[in-house]
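Coordinate analysis (summary)
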Amino acid sequence: MTQEQRDHLQDLSEIRNLMQRSSRFISLSGLSGISVGICALIGAAVAYWFVDGNVNEYYVAGQLFSRGGANYPLLTFIAIDGALILFSAIAFGIFFTTRKARKDGLKVWDLSSQRLLINLAIPLVAGGLLCLIMLYHGTIGYVPPMTLLFYGMALINASKYTLNDIRYLGLLEILLGLLSAVFLGYGFYFWVLGFGILHIVYGTVMYFKYER
């Protein structure tokens, strides 16, 4: 291969990188995925402790919505625990992603990141509203499968505007959601696997693949 050919290949590679940066948000950090997984595991551990280790969905459903009315202390705890997990995961995700973007000399908030968030939010909002409706009707056993399914669909929907690797995480989340729907009594453990362990594994792979 001549020097001129090498120069042409290098130019094509630079053009391709520029096009990818303009159309895809490539600043997602593997450490973000790891931090999300850790937050999920901590929140799940606290919830496990609060219900004395009895996390069977039918038991929790009975405690949340008994014939005498809703168990408001348990509902309040679940809401607070879930909110803390969500806000902690978002905070760590923003921190590590912003740090990576600055390191790479890229903007965090641009057209590609806006498209990513919009396509991620649509399935997440729809799934969140559906889960609230299920809670209203007392069918909490189906909430873990629905969260995994809609989260997986959100990742696949957003993968068009970021790294393709996220698509595989989305497919695994959907698979876990379907299995959780079959084995309703073990939804808590599928939730821990999907939001905790899978994120840690995914984040570790992404870190060593793109950031080391």
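Residues numbered from 1 in each chain as written. Predicted model: local features only at pLDDT ≥ 70, side-chain atom pairs only at ≥ 80, totals over all residues. Heavy atoms only, no water.

**Some details on the overall build of the chain**
Short version of the rule: Strands are runs of DSSP state E lasting at least two residues, helices are runs of H or I lasting at least four, and both sets are numbered from the N terminus onward. The buried label applies to any residue whose accessible area, calculated with a 1.4 Å probe on protein chains only, is under 20% of its type's maximum; exposed applies above 50%, and partly exposed to all values in between. Per-residue accessibility takes into account occlusion by the displayed protein chains alone, with areas from the Shrake-Rupley method and a 1.4 Å probe.
A tally of regular secondary structure across the chain gives 8 helices and 2 strands. Along the chain, from the amino end to the carboxyl end, the secondary structure elements read α-α-α-β-β-α-α-α-α-α. The buried share of the chain, reckoned over its 212 residues, is 39%. Accessible surface for the chain amounts to roughly 12,700 Å². Of this, 69% is attributable to carbon and sulfur atoms.

**Points about the environment of glutamine 114**
Among the structural elements, glutamine 114 can be located in helix 5 (residues 111-136). Residue classification places glutamine 114 among the partly exposed positions, given a relative accessible area of 29%.

**Describing the nonpolar core**
The cut-off we apply is this: Here the nonpolar core consists of buried residues drawn from Ala, Val, Leu, Ile, Met, Phe, Trp, Tyr and Cys, with membership extended through side-chain atoms lying within 4.5 Å. Contact definition: two residues touch when any of their heavy atoms are within 4.5 Å.
The biggest cluster of nonpolar side chains holds 13 residues, and the ones touching the most others in it are Leu148, Leu155, Leu169, Leu176, Phe195 and Tyr202. Of all elements in the fold, only helix 6 (143-158), helix 7 (165-182) and helix 8 (187-211) reach the threshold of two or more residues within this core. Not counting chain neighbours up to four residues away, the residues in contact with tyrosine 202 comprise Asp165, Ile166 and Leu169. Among the nonpolar cores identified, the runner-up in size contains 9 residues, and Ile140, Val143, Met146 and Ile174 belong to it.

**Considering a nonpolar patch on the surface**
Selection rule: Note that patches include only residues with greater than 30% relative accessible area and no salt bridge, and the join distances are 9 Å for like charges and 5 Å for nonpolar side chains (Val, Leu, Ile, Met, Phe, Trp, Tyr). In what follows, salt bridge is the name for a side-chain nitrogen of Lys or Arg lying within 4 Å of a carboxyl oxygen of Asp or Glu.
On the surface, Tyr48, Leu172, Leu175, Leu179, Val182, Phe183, Tyr186 and Tyr189 cluster together into a nonpolar patch covering about 780 Å² of accessible area. Of all the elements, helix 7 adds the most residues to the nonpolar patch, at 4 residues. Note on placement: phenylalanine 183 falls in the loop between helix 7 and helix 8. For phenylalanine 183, a relative accessible area of 44% puts it in the partly exposed group.

**So, the environment of leucine 175**
Structurally, the position occupied by leucine 175 is in helix 7. With a relative accessible area of 46%, leucine 175 lands in the partly exposed category. A sequence separation of 23 residues divides leucine 175 from glycine 152, and the C-alpha atoms of the two residues are 8.6 Å apart.

**Let's talk about helix 5**
The condition is simple: Expected span, for any helix, means 1.5 Å times one less than how many residues it has. One axis is fitted to the seven residues ending at the residue and one to the seven starting there. The bend at that residue is the angle between these axes.
Between its terminal C-alpha atoms helix 5 stretches 37 Å, which fits the 38 Å expected from 26 residues at 1.5 Å a residue. Of all bends in helix 5, the biggest is about 30°, found at alanine 121, and the proline proline 123 comes one to four residues later. Turning to helix 5, its buried residues are Ser112, Ser113, Leu116, Asn119, Pro123, Gly127, Cys131 and Met134. Glycine 138 occupies a position one or two residues after helix 5 and carries a positive phi of about 80°.

**Points about the packing of aromatic side chains**
To be explicit about the condition: Two rings belonging to Phe, Tyr or Trp (six-membered ring only in the last case) form a pair when the distance between their centres is within 6.5 Å. Interplanar angles under 30 degrees mark stacking, angles over 60 mark edge-to-face geometry, and anything in between is tilted.
Overall, the coordinates contain 10 aromatic pairs when judged by the stated rule. Relative to phenylalanine 195, the ring of tyrosine 151 has its centre 5.1 Å away and its plane inclined at 40°; by these criteria the two rings are tilted. Residue tyrosine 151 is located in helix 6, and its partner phenylalanine 195 is located in helix 8; the two are separated by 44 residues in the primary sequence. Look at tryptophan 191 and phenylalanine 195: their rings are 4.9 Å apart centre to centre, the planes differ by 40°, and that puts the pair in the tilted class. Here tryptophan 191 and its partner phenylalanine 195 are both found in helix 8, 4 residues apart, which amounts to about one turn of the helix. For tryptophan 191, a relative accessible area of 22% corresponds to the partly exposed category.

**Quick notes on the side chain of serine 32**
Threshold: We define a polar contact as two N or O atoms separated by no more than 3.5 Å, with the added condition that, inside protein, one atom must be a possible hydrogen donor and the other a possible acceptor, whereas residues neighbouring each other in sequence contribute only through side-chain atom pairs.
Looking at where serine 32 falls in the secondary structure, it is placed in helix 2 (residues 30-50). At 3.3 Å, the side chain of serine 32 and the side chain of threonine 97 are in polar contact.

**Let's talk about helix 7**
The end-to-end C-alpha distance of helix 7, which contains 18 residues, comes to 27 Å, matching closely the 26 Å that a straight helix rising 1.5 Å per residue would cover. Asp165, Ile166, Leu169, Gly170, Glu173, Ile174, Leu176, Gly177 and Ser180 are the residues of helix 7 that are buried. Of the surrounding elements, those touching the buried residues of helix 7 are helix 6 and helix 8.

**Structural notes on the confidence of the model for the chain**
Our working rule: How sure the predictor is of each residue is captured by pLDDT, a score from 0 to 100.
Mean pLDDT over the chain stands at 81; residues scoring 70 or higher make up 78%. Mean pLDDT in the chain bottoms out at helix 1 (residues 3-23), which sits at 51, and peaks at helix 7, which reaches 94. Scored below 50 in pLDDT, residues 18-23 makes 8 contacts in the model with residues more than four places away or belonging to other chains.

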